[in-house]
Amino acid sequence: MKKCSFDQPKVAEASATLIIIANPNAVEENINSVLKSWVELGYINEDSVETMRSMPFKNYGDKDSLSRKLFAVKNTSFFAMSLMIAAKGLGFETHPMDGFSEEKIKANFNIPEDRVIPLLITLGYPKPGLKLLPRAWRRELKSYVKYNSFS
Ligand SMILES: Cc1cc2nc3c(=O)[nH]c(=O)nc-3n(C[C@H](O)[C@H](O)[C@H](O)COP(=O)(O)O)c2cc1C
């Protein structure tokens, strides 16, 4: 994994390195289970199942399309962020990484070519006595928050 990640030391030092994988085929693979649960829970009735089934394909295109890949990466990134927050709550430290070769990671860990790897997350305990530098520069809120219109 370290060789696939530009030799970044944290990959070897951390207790675990998570490969976060986005699956553009998730719609096809899960739509029946989603629709079955929606009917069982009363979100929709049987008559509207086929209408709902067509929605994700209309919204996110075919599984090879850019819009589908973006949809997969969007969902996976929210999952990654939630995982990092949950890990912090459990006393772990995490470090997101996009400094890696996706091709090498896929080859070394038998990940299908059609998957997208938005990031890795190293996870572990902070080194005893570790003193982090103060948080670096951040953009001011007003520089990126707009009200009612972008410009
Ligand atoms: C998507 C993403 C990918 C990152 N990839 C790397 C990486 O490959 N190696 C690294 O040392 N830091 C990486 N970082 C961490 C950034 O260096 C770090 O977030 C930034 O320095 C700000 O530090 P802070 O988030 O702790 O304030 C990444 C951060 C993000 C959000």
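Residues numbered from 1 in each chain as written. Predicted model: local features only at pLDDT ≥ 70, side-chain atom pairs only at ≥ 80, totals over all residues. Heavy atoms only, no water.

## Here's the deal with the packing of helix α2 (residues 26-41) against helix α3 (residues 49-60)
If you want to describe how two helices pack, look at the angle between their axes and the distance between the axes.
And then number 1: Following both chains from N to C, one finds α2 and α3 inclined at 145°, their axes separated by 11 Å at the closest point. Crossing geometry of α2 relative to α3 is assigned as right-handed. Where α2 approaches α3, its residues Val-27, Glu-28, Ile-31, Asn-32, Leu-35, Trp-38 and Val-39 are matched on the opposing element by Val-49, Met-52, Arg-53, Pro-56 and Phe-57.
And then number 2: Of the residues that constitute the contact of α2 with α3, the class distribution is nine nonpolar, one polar and two charged. (Axes fitted to C-alpha atoms, helices over the stretch in contact; angles between N-to-C directions. Helix = DSSP H or I, 4+ residues; strand = E, 2+ residues; numbered from the N terminus. Left-handed = near helix turned anticlockwise from the far one by under 90°. Contact = heavy atoms within 4.5 Å. Nonpolar A, V, L, I, M, F, W, Y, C, P; charged D, E, K, R; others polar.)

## Notes on the pairing of strand β3 (residues 116-124)
Regular strands place side chains that alternate from one sheet face to the opposite one.
And then number 1: Judged by how many residues are buried, β3 sits mostly within the fold: eight of nine residues are covered.
And then number 2: The pairing of strand β1 (residues 16-22) with β3 spans six bridges and is antiparallel. Residue pairing across strands places Ile-19 opposite Leu-120, the latter belonging to β3. (Buried < 20%, exposed > 50% of the residue type's maximum accessible area, 1.4 Å probe, protein only. Pairing = 2+ DSSP bridges.)

## Quick word on the nonpolar core
And then number 1: Core analysis: the biggest nonpolar cluster contains eight residues, these being Cys-4, Val-11, Met-97, Phe-100, Ile-105, Ile-111, Ile-117 and Leu-120.
And then number 2: Leave out the neighbours within four places in its chain, and Ile-111 touches Ile-19, Ile-21, Ile-105, Lys-106 and Ile-117. (Core = buried A, V, L, I, M, F, W, Y, C linked by side-chain atoms within 4.5 Å.)

## Details of the site of the ligand
And then number 1: Taken together, the residues surrounding the ligand are Gln-8, Lys-10, His-95, Pro-96, Met-97, Asp-98, Gly-99, Arg-135 and Arg-138.
And then number 2: Lys-10 is positioned such that a nitrogen or oxygen atom in its side chain is 2.8 Å from an oxygen atom of the ligand.
And then number 3: Between an oxygen atom of the ligand and a main-chain N or O atom of Gly-99, the distance comes to 2.9 Å.
And then number 4: Protein contacts shield 50% of the accessible area of the ligand, which totals 610 Å² for the unbound molecule.
And then number 5: The element that contributes the greatest number of residues to the shell around the ligand is strand β2 (residues 93-97), accounting for three residues.
And then number 6: Tallied by class, residues from the shell around the ligand come to two nonpolar, three polar and four charged. (Near = heavy atom within 4 Å. Polar contact = N/O pair within 3.5 Å; in protein donor to acceptor, adjacent residues only side chain to side chain. Areas by Shrake-Rupley, 256 points an atom, 1.4 Å probe, with all protein chains shown as cover.)

## Focus on the side chain of Thr-76
And then number 1: Topologically, Thr-76 is positioned in helix α4 (residues 66-89).
And then number 2: You can call Thr-76 buried: its relative accessible area is 11%.
And then number 3: Once residues lying within four places of it in the same chain are set aside, the contact partners of Thr-76 are Ile-20, Ile-21, Ala-22 and Pro-118.

## Quick notes on the packing of aromatic side chains
And then number 1: Under the definition given, this model contains three aromatic pairs.
And then number 2: Above the ring of Phe-150, the side-chain terminus of Lys-146 is found at 5.3 Å from the ring centroid. (Phe/Tyr/Trp six-rings, centres within 6.5 Å; stacked < 30°, edge-to-face > 60°. Lys NZ or Arg CZ within 6 Å of the ring centre and 35° of its normal.)

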